[in-house]
Amino acid sequence: MATPESRLHPTNRHATRQVLASVEDVREAMVEVARHADRRLAILTQDLESEVFDHRPFVDVVKHLCLARSFVRVRVIVSNPYRTLRDGNRFVYLGRRLSSFVEFRHAHENYRHHQEAFMVADESAIVFRADADRWEGIADTAEPAIAKRYLNVFDEIWGASAPAQEFRQIMVLAATKQSPARGSLSACARATRREPPG
């Protein structure tokens, strides 16, 4: 277990390695690793936990990445998208607005047993948690061997998984803001949390 002094500071073993021990650590690491991306982000997550993906600094970094480069690709595999649909999420709303850059897929049932949660930036930086239900993990901005290993895992799951049709509901909710008089859409909007401001 990392001591408070070691959290989010490089360990002696590797100059760019950070030990994560709390949600605050994970949030900071996600922002830092995303900033290292030039072309690609690959994200494997259980349910796009709001503690991380509803965090405005992370959403802003991904938004800047997508708008600054026309060839960026952000791929996201979600094992259980239903909590995200229930709770709402800034990152999902961003992905729907920037759908040319961001794609969500629902993990194939054969891969939903994976407990890991990770994000790989290009082929060199990674945030990794062995157990998605815990915040302990590592982050590294210069570890191409590990990043490529988990990118290969991601690519295998991605190839077997289908687009997350569940997230189309986000577009329905967005439409209710423009056409509030439509009763069926308004009812849907009341059943799901509204898009966070800004």
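Here, the structure is the one placed above.
## A look at the sheet that holds strand S3 (residues 73-78)
Taken together, eight strands build an open sheet; the order of strands is S1-S7-S6-S5-S2-S3-S4-S8 and the sheet is mixed. Looking along the sheet, the strands with just one partner apiece sit at the ends: strand S1 (17-20) and strand S8 (162-163). Both strand S2 (residues 40-45) and S3 contribute to a ladder of six bridges, which runs parallel. Residue pairing across strands places Leu41 opposite Val74, the latter belonging to S3.

## Here we look at empty space enclosed by the protein
The tally for this structure, following the rule as stated, stands at four cavities of 30 Å³ or more. When its volume is computed, the largest cavity comes out at roughly 90 Å³. Lining the largest cavity are 14 residues, and of these Met30, Glu49, Ala117, Phe118 and Arg129 sit closest to its centre. At the level of elements, helix H1 (23-35), S2, helix H2 (50-53), strand S5 (117-121) and strand S6 (125-129) are the ones that each hand at least two residues to the lining of the largest cavity. Counted by class, the lining of the largest cavity contains 11 nonpolar, one polar and two charged residues.

## Notes on the pattern of salt bridges
Applying the stated rule across the entire model yields 10 salt bridges. Ionic pairing is found between Arg134 and Glu136, a salt bridge with its closest N-O pair at 3.3 Å. Looking at Arg134, the relative accessible area reads 44%, which means it is partly exposed.

## Focus: unusual backbone geometry
The phi torsion at Leu48 lies on the positive side, around 50°, for a residue other than glycine. Topologically, Leu48 is positioned in the loop between S2 and H2. Its relative accessible area of 1% is what places Leu48 among the buried residues. We note that Asp122 has phi near 55°; this positive angle belongs to a residue other than glycine.

What counts and what doesn't
- Residues numbered from 1 in each chain as written.
- Predicted model: local features only at pLDDT ≥ 70, side-chain atom pairs only at ≥ 80, totals over all residues.
- Heavy atoms only, no water.
- Pairing = 2+ DSSP bridges.
- Helix = DSSP H or I, 4+ residues; strand = E, 2+ residues; numbered from the N terminus.
- 1 Å grid on protein atoms, 1.4 Å probe; cavity = no way out; pocket = protein on both sides within 12 Å on 5 of 7 lines; lining within 4 Å.
- Points joined across faces, edges and corners; volume = space filled by probe spheres on them.
- Nonpolar A, V, L, I, M, F, W, Y, C, P; charged D, E, K, R; others polar.
- Salt bridge = Lys/Arg side-chain N within 4 Å of Asp/Glu carboxyl O.
- Buried < 20%, exposed > 50% of the residue type's maximum accessible area, 1.4 Å probe, protein only.

Fair warning: the whole summary comes from geometry, so function is off the table for now.
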